[in-house]
Amino acid sequence: MTATTRWLRRQLAGIVAIALVLTLFFVARLPSVSAAEQDQLAGKFHFTPMTIALPAAAKSQYVRTLNKQYEHISAWMSSTGAAIAMNDLDGDGLANDLCLVDPRSDQVVVTPTPGKGQERYAPFALDPAPLPTWQYMAPMGCIPGDFNEDGRMDVLVYYWGRTPVVFLQKAGATKLAPSAYEPVELVPGNKRGPDGKYNGPLWNSNAATIGDFDGDGHVDVFIGNYFPDSKVLDPTADGGITMNQSMSHAKNGGGKYIFRWTGATAGTHPTASFVDASTGIPEAARSGWTLGASATDIDADGLPELYIANDFGHDHLLYNKSRPGSVEFGEVTGVRGITEPKSKVLGNDSFKGMGVDFGDFNHDGLYDIFVSNITTSWGVEESNLQFVNTAKDLTDLRKQLQNGVAPFHDESGDTRTAWSGWGWDPKIEDFNNSGDVQIAQATGFIKGQVNRWPQLQELAVANDGMTSNPFWWPNARPGDDLAGDQTLHFFVKRSDGTYVDLAPKLGLAVPVPTRGIGVGDADGDGLPEFAVARQWEQPIFYHNDSPKTGKFLQLKLSTDAPVAPGPLPSAGSPAIGAEVTVTAADGKKYVGRVDGSSGHSGRRSFDVQIGLGENVSGPLAVHLQWRDRTGTLRTQDLKLAPGCHMYQLGTQAKEEM
């Protein structure tokens with residue numbers, strides 16, 4: 001035996017190991033998409049960045065004041081709160097108003113979208129006074145809606161350090177301004193202490209959505225808390241707080257609440273009343289660390305299901321079994337296949353659920369789901385989840401849900417949407433009306449100079465007994481960096497069914513951590529714009545100037561409830577939860593709904609926007625389903641030409657001219 005042979009035999013194990021690693025690398029590596037193909041796909045889109053006007057701020061901050069035990073992770077604890085919603089707040093018929101939270105000032109801002117009509121009113125901040133407040137609270141998000149059913153758009157705001165406030169638009173308002181809103185409590189009860197300051201429950205809310213959960217014809221509210229009730233933002237406090245008790249199965253988070261609508265009044269001092277119906281949420285789903293939520297009726301029975309996206313553990317898809325006056329949900333979970341990791345099974349995942357949205361990826365008329373997670377290579381590499389509905393049809397779907405089964409299979413690996421970064425808000429939308437939806441996704445965490453990934457990786461593999469104590473968490477102060485250079489993603493479908501991120505090609509890949517994505521057609525041309533909330537930096541608006549677009553159907557659906565008279569116009573009360581199905585001549589189906597608020601901290605408008613592609617001709621077969629104000633489930637089939645239509649939904653759908 002030669003010396004060379006002996007050497008090779010000694011090194012054989014190492015050679016085999018290297019060969020195996022290289023083989024797995026090339027097998028697992030995502031195939032590249034040619035520059036030519038990317039250019040061809042990107043040529044169908046164009047977005048123009050525009051600056052959003054903000055009011056003057058009384059303060060400017062990078063990190064918030066914090067409980068003393070959180071001081072060494074102040075940047076981490078200040079990494080949420082950037083939020084944005086697009087809607088029609090002033091009743092001019094266009095989704096050209098923004099409600100946003102700027103965490104640099106902790107202001108809740110109402111402002112026009114940039115461009116034409118921006119002069120309609122001056123940007124302003126919503127102030128919860130005269131309701132009691134205190135200095136250690138911060139807003140986390142806002143949700144538009146008509147909460148007192150007077151046909152005028154209100155705004156729900158949720159906080160850390162306080163229960164939510166509903167800003168009801170007054171019937172006598174002449175323009176959008178702070179004086180146009182009456183702040184009222186969502187949670188019943190007196191919350192004013194002897195000193196006049198807020199003395200109520202110390203909620204720390206990071207998710208909310210609205211929908212008619214009990215099917216009585218009125219819109220209810222879901223609130224998901226992140227931290228359990230505690231003085232998170234109080235720098236005079238030293239303790240009484242906690243972190244997650246596990247990185248993958250934490251169940252010690254804040255409470256989950258549903259508030260059922262019970263009554264309202266309009267006028268110069270409007271009111272809205274709600275009662276706690278949270279016992280309708282299964283006990284196992286009430287205590288996660290919630291960052292996202294969606295209320296979407298996936299089986300078309302007129303009752304919205306509730307998806308709760310949780311950080312540090314299982315998400316929950318709750319099947320709606322409610323009846324008028326009584327909220328009841330049951331949990332449904334996916335079935336694990338023989339080759340499927342447990343973490344990829346709906347309801348059993350151990351990932352960091354950061355946001356969720358519903359849409360139909362394959363034109364079968366059934367809702368699919370996209371969930372954002374933390375997916376940073378060489379950091380914490382989990383997987384986004386693109387859950388595709390595997391039911392045969394709505395009848396089969398409903399039967400499986402009733403039996404506790406969620407028939408969804410994750411295809412993010414096959415479609416190449418699995419990995420993006422430290423994910424947050426996702427939005428499924430057809431931005432160029434091509435007939436196929438795209439996925440816009442916010443990513444990024446803390447921007448700084450000192451890389452803290454090694455320390456976070458140590459924590460990620462730590463014993464569960466340590467993670468609940470903030471003492472053991474690595475430093476995350478101003479100057480530290482975790483995924484700080486990650487950018488917005490914009491996944492576009494290719495001809496083979498896979499997706500490619502075109503954000504760099506479209507000028508969207510700005511290395512700034514993003515959080516919420518608001519979507520709506522601000523100028524009425526049938527192309528959705530979007531606005532992005534960015535943590536620690538100015539929010540930005542992207543006007544849609546896409547050159548190659550298809551036909552579309554845009555429906556503005558309101559209830560037939562009377563509108564309170566007043567100087568400010570009203571678009572009517574949105575028919576939250578109404579569903580639209582378009583069946584094309586080739587058998588493809590397109591679905592949309594009046595979305596109550598899906599995502600993390602970004603909200604789409606109440607317009608139903610469906611892209612149809614270039615080859616659609618003739619009247620469209622459109623199926624509408626909604627609940628009227630009595631709670632009766634209604635359906636109607638229409639023949640509509642592509643374009644924009646307005647309907648009032650009562651006992652029948654009545655077109656408005």
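Residues numbered from 1 in each chain as written. Predicted model: local features only at pLDDT ≥ 70, side-chain atom pairs only at ≥ 80, totals over all residues. Heavy atoms only, no water.

(A) Layout of the UniProt feature "domain: ASPIC/UnbV" (unreviewed entry) in the protein chain. Feature annotation in UniProt places "domain: ASPIC/UnbV" (unreviewed entry) on residues 575–630, given in this structure's numbering. The span residues 575–630 is 0% helix and 46% strand, and its two end C-alpha atoms sit 13 Å from each other. (UniProt positions renumbered as here; feature names shortened; annotations may be inferred. Helix = DSSP H or I, 4+ residues; strand = E, 2+ residues; numbered from the N terminus.)

(B) Expanded view of the sheet that holds strand β33 (residues 589–593). Pairing in this open sheet of four strands is antiparallel, and the strands run β33-β32-β36-β37 from one edge to the other. Sheet topology places β33 and β37 (633–640) at the edges, where each strand pairs with a single neighbour. Each neighbouring strand pair of the sheet contributes to a mean axis angle of 15°, computed without reference to strand direction. Examined bridge by bridge, strand β36 (residues 620–627) and β37 share eight bridges and lie antiparallel to one another. (Pairing = 2+ DSSP bridges. Axes fitted to C-alpha atoms, helices over the stretch in contact; angles between N-to-C directions.)

(C) Representation of the pattern of salt bridges within the structure. Inspection of the entire model under this criterion finds 26 salt bridges. Of the charged contacts, one joins Arg 64 and Asp 106 as a salt bridge, the two residues approaching to 3.7 Å between their closest N and O atoms. Here Arg 64 is found in the loop between β1 (47–51) and α4 (74–77), whereas its partner Asp 106 is found in the loop between β3 (97–102) and β4 (107–112), with 42 residues between them in sequence. Like Arg 64, the residue Asp 106 is buried in the burial classification. One network of salt bridges, with partners in common, ties together Asp 357, Glu 429, Arg 593, Asp 595 and Arg 604. (Salt bridge = Lys/Arg side-chain N within 4 Å of Asp/Glu carboxyl O. Buried < 20%, exposed > 50% of the residue type's maximum accessible area, 1.4 Å probe, protein only.)

(D) Representation of the pairing of strand β9 (residues 181–185) in the model. By the criterion of burial, β9 is predominantly enclosed, with five of the five residues buried. In β9, alternate side chains face the same way, and those of Tyr 181, Pro 183 and Glu 185 on one face and Glu 182 and Val 184 on the other are all buried. Pairing analysis gives five bridges linking strand β8 (residues 165–169) to β9, with the strands arranged antiparallel. Bridge pairing links Gln 169 to Tyr 181 in β9.

(E) Molecular detail of the sheet that holds strand β12 (residues 256–265). An order of β10-β11-β12-β13 is seen for the four strands of this open sheet, with the pairing classed as antiparallel. At either margin of the open sheet sits one strand with a lone partner, and together these are β10 (205–211) and β13 (271–276). The average undirected angle you get between the axes of adjacent strands in this sheet is 30°. As defined by bridge partners, β10 adjoins strand β11 (residues 220–225) across six bridges and the pair is classed as antiparallel. What sits directly across from Ala 208, in β11, is Ile 223.

(F) Representation of the packing of aromatic side chains. Per the stated rule, a full pass over the model turns up 31 aromatic pairs. Relative to Tyr 257, the ring of Trp 203 lies with its centre 4.1 Å away and its plane at 15°, an arrangement referred to as stacked. Of this pair, Trp 203 sits in the loop between β9 and β10 while Tyr 257 sits in strand β12, and the two are 54 residues apart along the sequence. Classification of Trp 203 as buried rests on a relative accessible area of 3%. In this structure an aromatic cluster arises from ring pairing among Phe 45, Phe 47, Phe 431, Phe 490, Phe 530 and Tyr 542. Positioned above the aromatic ring of Trp 160, the side-chain terminus of Arg 64 is 5.6 Å from the ring centre. (Phe/Tyr/Trp six-rings, centres within 6.5 Å; stacked < 30°, edge-to-face > 60°. Lys NZ or Arg CZ within 6 Å of the ring centre and 35° of its normal.)

(G) Summary view of a nonpolar patch on the surface. Among the surface-exposed residues, Met 466, Phe 471 and Trp 472 lie close enough to one another that they form a single nonpolar patch of about 350 Å² accessible area. On the secondary structure map, Phe 471 appears in the loop between α8 (464–467) and β25 (480–481). (Patch = residues over 30% accessible without salt bridge, like charges linked within 9 Å, V, L, I, M, F, W, Y side chains within 5 Å. Areas by Shrake-Rupley, 256 points an atom, 1.4 Å probe, with all protein chains shown as cover.)

(H) Region of interest: unusual backbone geometry. Cis rather than trans, the peptide bond between Ala 129 and Pro 130 has omega equal to 15°. Within the secondary structure, Pro 130 is located in the loop between β5 (124–125) and β6 (138–145). Phi at Asp 106 takes a positive value of approximately 55°, unusual for a residue other than glycine. Take Asp 106: its relative accessible area is 15%, and that puts it in the buried class. Positive phi, normally seen in glycine, also occurs at Phe 312, with a value near 65°. Tracing the chain through its elements places Phe 312 in the loop between β15 (305–311) and β16 (316–320).

(I) Fine view of helix α7 (residues 453–460). If you check which residues of α7 are buried, you get Trp 453, Leu 456 and Leu 459. Considered in projection along α7, the buried side chains sweep an arc of 115° and stay on one side of the axis. The elements touched by buried residues of α7 are α4, β24 (450–451), α8 and β25. (Arc of directions from axis to C-beta. Contact = heavy atoms within 4.5 Å.)

(J) The state of the cysteines, seen in detail. Applying the stated criterion across every chain yields a total of one disulfide. Between the sulfur of Cys 99 and that of Cys 142 lies a disulfide, 2.4 Å long from S to S. Judged by the torsion about the S-S bond (-140°), the Cys 99/Cys 142 disulfide is left-handed. Of the two residues, Cys 99 is situated in strand β3 and Cys 142 in strand β6; the sequence distance between them amounts to 43 residues. Take Cys 99: its relative accessible area is 1%, and that puts it in the buried class. Taking relative accessible area as the criterion, Cys 142 reaches 1% and is therefore assigned buried. (Disulfide = S-S within 2.5 Å.)

(K) Expanded view of the domain arrangement of the protein chain. By domain assignment, the protein chain separates into domain 1 (55–544) and domain 2 (551–655). Every contact between the two is made by 82 residues of domain 1 and, on the other side, 50 residues of domain 2. Of the roughly 4600 Å² buried between domain 1 and domain 2 on both sides combined, carbon and sulfur atoms contribute 47%. Of all residues in domain 1, Arg 152, His 363 and Tyr 367 bury the most surface against domain 2, accounting for 12% of the area lost on that side. Connecting domain 1 to domain 2 are four salt bridges. Where Arg 593 meets Asp 357, a salt bridge forms, and the shortest distance between an N and an O atom there is 3.3 Å. At the boundary of domain 1 with domain 2, the tally comes to 43 residue pairs in polar contact (both at pLDDT 80 or more). (Domains from an automatic or database assignment. Buried area = accessible area lost by both parts, 1.4 Å probe. Polar contact = N/O pair within 3.5 Å; in protein donor to acceptor, adjacent residues only side chain to side chain.)

(L) Structural view of helix α3 (residues 35–42). By the burial criterion, the buried members of α3 are Gln 38, Leu 41 and Ala 42. Down the axis of α3, the buried side of the element spans an arc of 95°, and every buried residue falls inside it. Packed against the buried residues of α3 are β26 (489–493), β27 (499–501) and α9 (503–506).

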